[in-house]
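Residues per chain, in single letters:
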There are 2 protein chains.
Amino acid sequence: MIQSKGYAAQDAATDLAPWNFERREVGAHDVQIEITYCGVCHSDLHQIKNEWFPGIFPMVPGHEIVGRIIKVGDHVKNFKVGELAGVGCMVDSCQHCENCTQGLEQYCLEGSTQTYNNLDRSGVPTYGGYSNNIVVREEFALHISDKLDLAATAPLLCAGITTYSPLRFWKVGKGHKLAVLGLGGLGHMGVKFGVAFGAEVTVLSTSPSKEKAAKELGAHHFVVTSDPEQLKAVKGSFDFILDTVSANHDMNMYLSLLKTNGIHICVGVPTEPITIHAFSLLGGRKSVGGSGIGGIPETQEMLDFCAEHGIVSDIELIDIKDITASYARMVKGDVRYRFVIDMATL
Amino acid sequence: MIQSKGYAAQDAATDLAPWNFERREVGAHDVQIEITYCGVCHSDLHQIKNEWFPGIFPMVPGHEIVGRIIKVGDHVKNFKVGELAGVGCMVDSCQHCENCTQGLEQYCLEGSTQTYNNLDRSGVPTYGGYSNNIVVREEFALHISDKLDLAATAPLLCAGITTYSPLRFWKVGKGHKLAVLGLGGLGHMGVKFGVAFGAEVTVLSTSPSKEKAAKELGAHHFVVTSDPEQLKAVKGSFDFILDTVSANHDMNMYLSLLKTNGIHICVGVPTEPITIHAFSLLGGRKSVGGSGIGGIPETQEMLDFCAEHGIVSDIELIDIKDITASYARMVKGDVRYRFVIDMATL
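This text gives an overview of the structure that appears in the document. No experiment lies behind these values; they were computed from the predicted model shown.

1. Considering the overall build of chain A
Within chain A, the regular secondary structure consists of 10 helices and 18 strands. Relative to a compact globule of 346 residues, whose C-alpha radius of gyration would be 20 Å, chain A shows 20 Å and is just as compact. In terms of overall dimensions, chain A has a C-alpha envelope of 60 × 40 × 35 Å along the principal axes. In chain A, which comprises 346 residues, the proportion classed as buried is 59%. Here the analysis covers contacts within chain A between residues at least 6 apart in sequence; of these, 66% occur between residues at least 24 apart.

2. Observations regarding the relation of the copies chain A and chain B
Screw-axis analysis of chain A against chain B gives a translation of 0.0 Å along the axis, an RMSD of 0.0 Å, and a rotation angle of 180 degrees. Given the turn and translation reported, the copies of this chain are related as if by a two-fold rotation axis. Using C-alpha coordinates, one finds that chain A approaches the rotation axis most closely at A:Thr275, a distance of 2.3 Å. Both copies share a contact surface, since 100% of the interface residues of chain A are interface residues in chain B too.

3. Structural notes on the interface of chain A and chain B
Counting residues at the interface gives 33 residues for chain A, matched by 33 residues for chain B. Note on chain A versus chain B: buried area summed over both sides is about 2900 Å², and carbon and sulfur give 66% of it. Interface area lost by chain A to chain B is led by A:Tyr107, A:Leu282 and A:Arg285, which between them contribute 24%. The interface formed by chain A and chain B includes 0 salt bridges. Mapped by element, the contributors of at least two residues to the side of chain A that touches chain B are α3 (159-169), β14 (258-266), β15 (274-276), α8 (278-282) and β16 (287-290) of chain A. Taken together, the residues that form the side of chain A that touches chain B break down as 17 nonpolar, 14 polar and 2 charged. Sheet topology note: the β16(A)/strand β16 (residues 287-290) of chain B ladder contains 3 bridges and is antiparallel. Pairing of A:Ser287 across the sheet is with B:Gly289, part of β16(B).

Parameters and conventions
- Residues numbered from 1 in each chain as written.
- Chains lettered and ligands numbered in written order.
- Predicted model: local features only at pLDDT ≥ 70, side-chain atom pairs only at ≥ 80, totals over all residues.
- Heavy atoms only, no water.
- Helix = DSSP H or I, 4+ residues; strand = E, 2+ residues; numbered from the N terminus.
- Rg over C-alpha atoms; globule rule 2.2 N^0.38 Å.
- Buried < 20%, exposed > 50% of the residue type's maximum accessible area, 1.4 Å probe, protein only.
- Contact = heavy atoms within 4.5 Å.
- Least-squares fit on C-alpha atoms with pLDDT ≥ 70 in both.
- Buried area = accessible area lost by both parts, 1.4 Å probe.
- Salt bridge = Lys/Arg side-chain N within 4 Å of Asp/Glu carboxyl O.
- Nonpolar A, V, L, I, M, F, W, Y, C, P; charged D, E, K, R; others polar.
- Pairing = 2+ DSSP bridges.

Right, here's the structure in full:
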């Protein structure tokens, strides 16, 4: 076993603290990555606090992982020691179901194995990227370009693919008006991708103070949704809304901003169920869809696209000892736009 | 003015009864239709009882209208006296907005004029098809084939187009597994169209007693949703669900029956809002969409398709004096599958 160190929550009531644990030896098809940076996702906090479902403790969060390959198994074909590599939200799946064989491992019909807070296929808990290393089968490791700032690349592994994938699936691009709802870790990546794909991008926000930041990210327009006049002016105007908000919000109001045939895409997970009046859909052949991260081939495609177009996340690098304080700031929306842990501080 | 007779509700608490009223004279672009048959839609009852919104009274319901042209205006181009014709849920729209010019008059951005319980563009209440005649601008009249049983054609004007349109929009056909939820006026047409378009059709029902009828309509499979074993067997199996139910129901359960990328299409309007857990959508990139009737060009296309393929509604012809008793039976689901009023009984 590989002696490893990280930060873990011992239970849902306890803050993260240093913890030593073991990872499996590097198998024939595995790579071992020395972790350089790990992004901080809002879902890390949801999970250590049992806000979605009862968690597996001790829990080492983190699924926006980048670093360097330090060991490869005998049968590894696509990675070499010394190369940059990343790991996102999944570390395994059945690899043979209808979805896996189409590269949709996130929708594996037998269930994909999450990078942390999950049991792997032999029943051992998985531990995430708030740690010094990770061992993963090579099919779930991603190639990372050395053209990009490495720390700012980490959030692409979750926030990036979570917004890239639905915009590609629904073919959002030139000629489309895209509204991005919420300007956090996910939302700011949605703006960057929407702009890169050629859409006319509007940020919808309750905070007038975010206008400057939204425009700096490339958004063409900014609408304060708490202002009835501004809201009225964009009724029935968007082809798509990319909804990154995980707080509860009035879906019917947002549906009224869509054009006929418009699609409201949910990538955030509010704690309360979504409530929709049937007429909000029938009145303009509208849809509400959801999308979860992306498959491995598409995650690689996204990383390559980012390398080509110089796209990374806007980040604030933190010391792992500040993780609890950073969570508190994240909950208040006081981060532009993603905290990334410098793993040298571990 | 044209002296007309029909059945009207004087207010939301009163049953339908004979009522004399006036229709406008036949204008240059109008046709006058002597009504032969009118279908009975569940929405007729919702509206006379103010279940959706406060209605305009006296109210003459009915928007599944077929009959014969008895007069045409000087500038009418496409209809001649003596021809069969039909009128559906709309009698007017702005004719110049982005949706109207694409033949999506049902989503007219200025609001389409409903066949009854609405004010026309000069502010006069509209009266529906439970009457001896109707005057309508020719753009909102449909050609009806003499190849089909005329009474059984009437429900195509609402139940037909309401199910035809979304199946066409979402390109449901060969290679798709389609579930039809609810086997009433809408659902039985959904089965017929789904089969005609080449889909593998399953009827989902809480009543085991409906299996024989579903198969007679052409459904390939029948699933009793109250049987956990039958339900388990179809988890994650459908590409589309056509949801025709206007009673409240558990959307999350039905979403679990969809494949990855599956779409749940709502054409019924439950009184309570739809409640969806975000994970029900994100867990398989699923969508919930809604669709309202269809535009005029597509309604004509549907009628022509039906004439070509010999598709009509299964109906029970009634005397207009039995309308209140028929409503009571409709509410209990005791009709196969649509009541149609024989207007000779008026």
